[in-house]
Structures are given as structure tokens and as C-alpha cells.
Amino acid sequence: MKIVVLVKHVPEPTAVWKFAPDMTIDRGAIDGHLSELDEYAVESAVRLVEGGLDAEITYLTVGPAQAKDGLLKALAMGGDKAVHVQDDAIHGSDALATSLVLAKALEKTGFDLVVTGMSSTDGEMSVMPSMLAERLGVNQATFADAIAVSGNTVTIAREGDGATLDVAATLPAVVSVTDRTGEARYPAFRQIMMAKKKPLEVLSLSDIGVSAGDVGAGAAAVKVRSIDAAPERQAGAVVTDDGTGAAQLADFLAARGLI
Ligand SMILES: Cc1cc2nc3c(=O)[nH]c(=O)nc-3n(C[C@H](O)[C@H](O)[C@H](O)COP(=O)(O)OP(=O)(O)OC[C@H]3O[C@@H](n4cnc5c(N)ncnc54)[C@H](O)[C@@H]3O)c2cc1C
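Reference entry: report on the structure contained in this document. (Residues numbered from 1 in each chain as written. Predicted model: local features only at pLDDT ≥ 70, side-chain atom pairs only at ≥ 80, totals over all residues.)

**Brief notes about the environment of S150**
- By secondary structure assignment, the location of S150 is in strand β8 (residues 146-150).
- Overall, the presence of 9 C-beta atoms within 10 Å leaves S150 in the exposed class.
- Considering only alpha carbons, one finds S150 and V42, 108 residues apart in sequence, at a separation of 19 Å. (Helix = DSSP H or I, 4+ residues; strand = E, 2+ residues; numbered from the N terminus. Buried ≥ 20, exposed ≤ 12 C-beta atoms within 10 Å, placed from the backbone.)

Here you go:
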């Protein structure tokens, strides 16, 4: 069985994000790391194999050169090989174009089960799993808190407000997993070194049959017109308790319609 885990390299949230003149994030100029939520996707796939599933795990990322670091982190956690779609023309792509690139790459690698995070930690749209299932014409089961594979069926537990749904889908399928699937492991130094020896294939858009005109800012349905820095946080009001502290707090909340 072929499992492909999608892993996104995201900018460090604490870094000073730089924007290029065309209003896109200058990803190449910012340090990044494997999206934390994708670590759960990696962990889920590795646990399936450790649990006895006969499967090969491939990691797939779409991103600039630095995205390789995310693949290496995933390979250190387990799995077999990695594919990196890297092409300057992808810069400025929106979610639709990103899903096109990922879908075409998945058609090239082949897959029975695609495992993704429930959301990236930068874009946070949670749209990629559904877009991919639609483009690939396969089943989807999203927001899995637990995942199991038996024969050609993947089963997930999906926590709802009032009940837990047990959802079964016939493979091939796309499954997104939540941060409740189990703590992601920390790779040991030896595994980090071994990851560098695992196969890592770099593909361009032409390798996967995508035209440069179908991706990038020019093809994006989303246009960013301007970017403004968030306003500075104002200093909060300090209540000194001179015996009237509780009343001052109540007045403060009442003035804002909070009580
Ligand atoms: C090089 C590059 C430049 C981009 N430039 C822009 C831009 O200028 N403007 C813009 O609007 N958007 C841009 N995008 C697209 C955007 O950043 C997101 O990748 C895309 O819209 C997916 O949305 P999301 O991050 O909210 O993913 P979600 O739908 O929240 O992600 C769900 C899951 O899908 C998988 N996934 C998502 N993205 C990737 C990926 N790239 N590689 C592998 N797995 C992935 C992960 O498993 C993730 O947990 C760019 C993307 C790339 C790779």
C-alpha cells in the first residue's frame, strides 16, 4: 500500500515576515519549519506502519527550497522517501493552484491513502484535503481524531459537538487528522542523520504536467490589494485596589457592555 503524507513548510510565526512588492510573503527570506499540525499526519502514518500495516510512506511538499527542511524532519520521524515540488512559478499561488500542484504530484507518485494535517499553521484554511479529494475523484474523511486501515477501507473517529462519528471510506482516499491523534515523536540524532540518506526527489511543474500559467499570482483568484501592519497594542487600564477595586472592575466591564 502507498501512503502519501502532505507536509507543509511554514514561516516561523515569531519571525519578522517580509512581503515582496507584489504583496506575497517572501517565504525564501523567512526561517520556517514543518507545520506543527502536519507532525500529527506524519505520526499517524508512521504508527499505522508500526501497527503492522504493510505500506510505504512518501512525504510530499510544495514550496521553495527551504521546504526541504520539513521533508527531512518528517523523514527523521519515520517513513521511506520524499517528493519536493519546487518551481519559481508557484510563488504567489492561491489555494486552488496549490491543490492543482499537489493533485498532479499525487497522480505522479501514486497513492492509496493520502494523510494531511487538519490545517496549515500559516494559511489555516483547512481546504486542501477536500480540494484534493475533489480533484482526484476519491473519497475524503476529514478531521480524524483516530485512524485505522483494514483491507481497502480507512476508518476514522470524528469528534462532533454531541457525538463521535465513526466514518469509513473505501480507498483510495484523503484523510486529514487532528492534533488529538497522538503526540508526535521527537526524532533522535541518529534518525535525523539517517533521514538525509533517504531518497528525496525534486520535481518541477513540467515534471508533473502543470503549466506555469495555471499557477502563481497571475492565475490566483485571490488578489491582495494592500497590507497594513497590525495596530500597536495599547497599554491596558491598571486598577489599583484602594478598597474600590471590585467596583472599578464592575464599572469597567459594564462600560463595555460585558456585564
Ligand atoms: C511557494 C508558495 C507560495 C505561495 N504564495 C501564496 C500567495 O502569495 N498568496 C496566497 O494566497 N497563497 C499562497 N500560497 C498558497 C498558500 O500558502 C497555501 O499553501 C494554500 O493556499 C493552502 O492553504 P492552507 O495553507 O490554508 O492549507 P490548509 O488547507 O489549511 O492545509 C491542510 C493540509 O494540507 C496540506 N498542505 C497545505 N499546503 C501544502 C503544501 N504547500 N505542501 C504540502 N502540503 C500542504 C498540509 O498537510 C496541511 O496540513 C503559496 C504556497 C506556496 C507553496
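**Let's talk about helix α6 (residues 245-255)**
- Of all the eleven residues making up α6, zero are buried; the element is thus mostly uncovered.
- At the C-terminal side of α6, G257 shows a positive phi close to 70°.

**Looking at unusual backbone geometry**
- A cis amide bond links L171 with the next residue in sequence, P172, at an omega value of 5°.
- On the secondary structure map, P172 appears in the loop between β10 (164-170) and β11 (173-177).
- The phi angle at M23 is positive, at roughly 70°, despite the residue not being glycine.
- Relative to the assigned elements, M23 resides in the loop between β2 (9-11) and β3 (32-34).
- The exposure class of M23 is partly exposed, given the 13 C-beta atoms found within 10 Å.
- The backbone phi angle of F143 is positive, close to 55°, even though this residue is not glycine.

**Quick notes on the sheet that holds strand β7 (residues 139-144)**
- Strand order in this open sheet of seven strands is β7-β11-β6-β1-β4-β5-β12, and the pairing throughout is parallel. Across the chains shown, the open sheet's two edge strands, defined by having one partner strand only, are β7 and β12 (200-203). The mean inter-strand angle of the sheet, taken between neighbouring strand axes irrespective of direction, is 20°.
- Note: strand β6 (residues 113-117) against β11, five bridges, orientation parallel. For G117, the partnering residue across the bridge sits in β11 and is V177. (Pairing = 2+ DSSP bridges. Axes fitted to C-alpha atoms, helices over the stretch in contact; angles between N-to-C directions.)

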